[in-house]
Amino acid sequence: MRVSILTNGPGELWGWARPVVMELRKRGHIVSLWLLPCQFSSGYEREAASLLGVDKLEGPSNAARIWHDMASEKTDHVIQLGGDMLFGARLSKSAHAPLTCYTYGARKFPAGAKILTAFTKQARKIPNAEAIGDLVKDALELDQTPVQLQSWNWPKLEDSPRVLFFPGTRPLIRSAALEWLSEVRKCILEKMPSVRIRTLFSQFMPASEFQEWDKAGLNPIKCGAGAAMLNADYALTQPGTNNFELMHCGLPGLVVAPEKFISLIPVGGVAHFLSNLPFIGSRIKKFALMKKLKRWGGVMSLPNRISRHKVLNEMYGDITPEDAAEAMYEDLRNPEQLEKTRAELLSLSGKKGAASKLCDIISAK
């Protein structure tokens with residue numbers, strides 16, 4: 001069977017598409033991977049996608065080019081894992097192939113599409129959706145190879161917590177995060193000198209940045225998140241797919257969205273274009289993000305949105321590195337509460353095998 005996968009940003013490509021591609025290849029299917037336009041792009045999507053061994057890799061390019069090139073795609077099934085649903089509808093119609101969409105939230109889906117999601121609570125809010133588990137959980141298992149685990153040699157020491165920093169995949173935010181995280185490191189070490197800190201570089205971060213981060217004392221290391229999180233005690237990160245990675249690995253942490261970062265976070269839809277307007281653009285962006293936050297019940301990180309309360313600690317708005325360090329310190333000095341958090345995160349995680357279930361579903365069509 002020929003299968004065309006449509007995906008876009010770093011989280012969707014590495015967390016969703018990667019395990020599906022691997023499962024399809026294992027079953028002997030021919031796989032095309034299309035990288036759609038994405039305002040959340042890191043700029044390294046094609047480089048990362050080239051490691052997956054697909055039979056055909058298209059994009060990223062502008063929307064008009066992708067739209068045009070899809071007319072010649074021959075496929076038996078279309079799987080959309082992120083990105084504008086218009087592309088999935090376009091390819092499905094031109095190739096006369098069924099369309100299956102995987103999503104974390106309700107949106108407008110093309111007529112006739114099969115809708116899949118991760119969790120039962122999500123499925124209840126999405127008409128006609130079926131919960132199959134989280135693809136990110138399968139992606140984390142792909143990281144847990146002997147080579148990856150051996151490369152992440154970070155032994156546990158008594159009274160010396162291991163803290164992972166996540167700098168983000170988008171260049172603008174990562175640039176701002178370097179100075180901010182350097183200050184957090186300084187502040188937390190003043191409060192708890194025994195803390196050990198590493199910064200996890202993802203597949204979407206260039207090695208050319210290592211020296212700058214190392215010079216700042218942030219100890220950057222490139223490794224699969226599934227291996228790194230198994231040997232850590234706490235994480236400092238931003239909203240995004242890795243919030244679910246923390247959940248699946250049972251890793252407590254603090255999710256932050258400082259005011260200075262909010263202005264750099266892209267937003268979707270019409271707000272994306274309005275947010276680029278001079279003078280008022282930043283206000284529009286902040287309004288759009290706060291509106292989302294209200295819709296999510298006042299919590300920001302993905303596990304918290306599922307549980308509707310703060311499982312992971314989170315802070316947003318007018319917060320400083322000192323504020324973040326203080327919150328981290330309060331968490332780290334309470335190991336009993338961290339164990340409770342770890343247990344609750346794992347209770348939310350669900351079963352593995354979402355990629356296999358997805359492939360079973362499209363094979364049955």
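Bear in mind that the values here come from a model prediction, so they are computed numbers and not experimental data.

### Remarks on the overall build of the chain
For step 1, the next point in the chain: If you tally the helices and strands in the chain, you get 18 helices and 13 strands.
For step 2, the next point in the chain: Looking at the chain residue by residue over its 365 residues, the buried ones come to 53%.
For step 3, the next point in the chain: Partitioning the intrachain contacts of the chain with sequence separation of at least 6 by distance along the chain shows that 64% fall at a separation of at least 24.
For step 4, the next point in the chain: Summing over all exposed atoms, the chain offers an accessible surface of approximately 16,800 Å²; the carbon and sulfur share of this is 53%.

### A look at the nonpolar core
For step 1, the next point in the chain: Ranked by internal contacts, the top residues of the largest apolar core, which has 61 residues, are I5, L13, L33, L81 and L164.
For step 2, the next point in the chain: Tallying contributions element by element places helix α1 (residues 10–26) first for this core, with seven residues.
For step 3, the next point in the chain: Contact partners of L81, with chain neighbours within four places excluded, come to I5, L6, T7, N8, E12, W16, A17, V20, Y102, L135 and L358.
For step 4, the next point in the chain: Judged by nonpolar contacts, the second largest core, of 28 residues, contains V163, L181, M192 and V256.

### Thoughts on the sheet that holds strand β9 (residues 196–201)
For step 1, the next point in the chain: Ordered in space as β10-β9-β8-β11-β12-β13, the six strands form an open sheet in which the pairing is parallel. Since the sheet does not close on itself, it has two edges, and those belong to β10 (220–222) and β13 (313–317), each with one partner. Recorded for the sheet is a direction-independent mean angle of 25° between the axes of neighbouring strands.
For step 2, the next point in the chain: Judged from the five bridges that link them, strand β12 (residues 253–258) and β13 form a sheet pairing that is parallel. Looking across to β13, one finds that L254 is bridged to N313.
For step 3, the next point in the chain: Together, β8 (162–165), β9, β11 (234–237) and β12 form the strand contacts of helix α8 (residues 171–191), whose direction differs from that of β8 by roughly 165°.

### A short note on the sheet that holds strand β4 (residues 77–81)
For step 1, the next point in the chain: As summarised here, the arrangement of the seven strands in space is β3-β2-β1-β4-β5-β6-β7, forming an open sheet in which the pairing is parallel. For this open sheet the edge positions go to β3 (56–58) and β7 (129–131), each flanked by a neighbour on one side alone. Taking the axes of each pair of neighbouring strands and ignoring which way they run, one obtains an average angle of 20° across the sheet.
For step 2, the next point in the chain: Strands in contact with helix α18 (residues 354–364) are β1 (2–7), β4, β5 (99–103), β6 (114–117) and β7; relative to β4, the strand with the most contacts, it is inclined by about 150°.

### Comments concerning the environment of V31
For step 1, the next point in the chain: Position of V31 among the secondary structure elements: in strand β2 (residues 30–35).
For step 2, the next point in the chain: In this structure, V31 is in contact with V3, I5, V21, L24, R25, V54, D55 and K56, ignoring residues within four places of it in sequence.

### Concerning the pairing of β2
For step 1, the next point in the chain: Taking burial as the measure, the six residues of β2 include five buried ones, the bulk of the element.
For step 2, the next point in the chain: Sheet analysis places β1 next to β2, joined by six bridges and oriented parallel. Note that in β2 the partner of S4 across the bridge is S32.
For step 3, the next point in the chain: With α1 bridging β1 and the parallel β2, this β-α-β connection has right-handed handedness.
For step 4, the next point in the chain: The sheet contact formed by β2 and β3 spans three bridges and is parallel. Residue pairing across strands places S32 opposite K56, the latter belonging to β3.

### Topic: the layout of surface pockets
For step 1, the next point in the chain: Empty space within the second largest pocket amounts to approximately 390 Å³.
For step 2, the next point in the chain: Along its surface, the second largest pocket is lined by 18 residues, and K156, P161, D233, L332 and P335 are the ones closest to its centre.
For step 3, the next point in the chain: It is helix α17 (residues 335–349) that provides the largest number of residues to the lining of the second largest pocket, a total of four residues.
For step 4, the next point in the chain: Broken down by class, the residue content of the lining of the second largest pocket amounts to eight nonpolar, two polar and eight charged.

### So, α18
For step 1, the next point in the chain: Within the sequence span of α18, burial applies to A354, A355, L358, C359, I361 and I362. Across the axial projection of α18, the buried residues extend over an arc of 155°, all falling on one side.

### Digging into the side chain of K137
For step 1, the next point in the chain: If you trace the backbone, K137 turns up in helix α6 (residues 135–143).
For step 2, the next point in the chain: For the buried K137, no salt bridge is present, and the opposite-charge side chain at shortest range is E141, 6.3 Å distant.
For step 3, the next point in the chain: Polar contacts involving the side chain of K137 include one to the main-chain carbonyl oxygen of G350, which spans 3.4 Å.
For step 4, the next point in the chain: Among all residues touching K137, those that are not within four sequence positions of it are H248, S349, G350, K351 and K352.

### Let's talk about the confidence of the model for the chain
For step 1, the next point in the chain: Considering every residue of the chain, the mean pLDDT works out to 89; 89% of them sit at 70 or more.
For step 2, the next point in the chain: Taken as a whole, residues 269–281 scores under 50 in pLDDT and shows 11 contacts with residues more than four places along the chain or in a different chain.

### Points about α8
For step 1, the next point in the chain: Its 21 residues place the ends of α8 30 Å apart at the C-alpha level, agreeing with the 30 Å of an ideal helix rising 1.5 Å per residue.
For step 2, the next point in the chain: At A177, α8 shows its strongest bend, of approximately 35°.
For step 3, the next point in the chain: Burial in α8 covers these residues: I173, R174, A176, A177, L178, W180, L181, S182, V184, C187 and I188.

So, how was this worked out
Residues numbered from 1 in each chain as written. Predicted model: local features only at pLDDT ≥ 70, side-chain atom pairs only at ≥ 80, totals over all residues. Heavy atoms only, no water. Helix = DSSP H or I, 4+ residues; strand = E, 2+ residues; numbered from the N terminus. Buried < 20%, exposed > 50% of the residue type's maximum accessible area, 1.4 Å probe, protein only. Contact = heavy atoms within 4.5 Å. Areas by Shrake-Rupley, 256 points an atom, 1.4 Å probe, with all protein chains shown as cover. Core = buried A, V, L, I, M, F, W, Y, C linked by side-chain atoms within 4.5 Å. Pairing = 2+ DSSP bridges. Axes fitted to C-alpha atoms, helices over the stretch in contact; angles between N-to-C directions. Right-handed = clockwise from strand over helix to strand, strands pointing away. 1 Å grid on protein atoms, 1.4 Å probe; cavity = no way out; pocket = protein on both sides within 12 Å on 5 of 7 lines; lining within 4 Å. Points joined across faces, edges and corners; volume = space filled by probe spheres on them. Nonpolar A, V, L, I, M, F, W, Y, C, P; charged D, E, K, R; others polar. Arc of directions from axis to C-beta. Lys, Arg positive; Asp, Glu negative; His and termini not counted. Salt bridge = Lys/Arg side-chain N within 4 Å of Asp/Glu carboxyl O. Polar contact = N/O pair within 3.5 Å; in protein donor to acceptor, adjacent residues only side chain to side chain. pLDDT = per-residue confidence, 0-100. Expected span 1.5 Å × (residues − 1). Bend = angle between axes of the 7 residues up to and from the residue.

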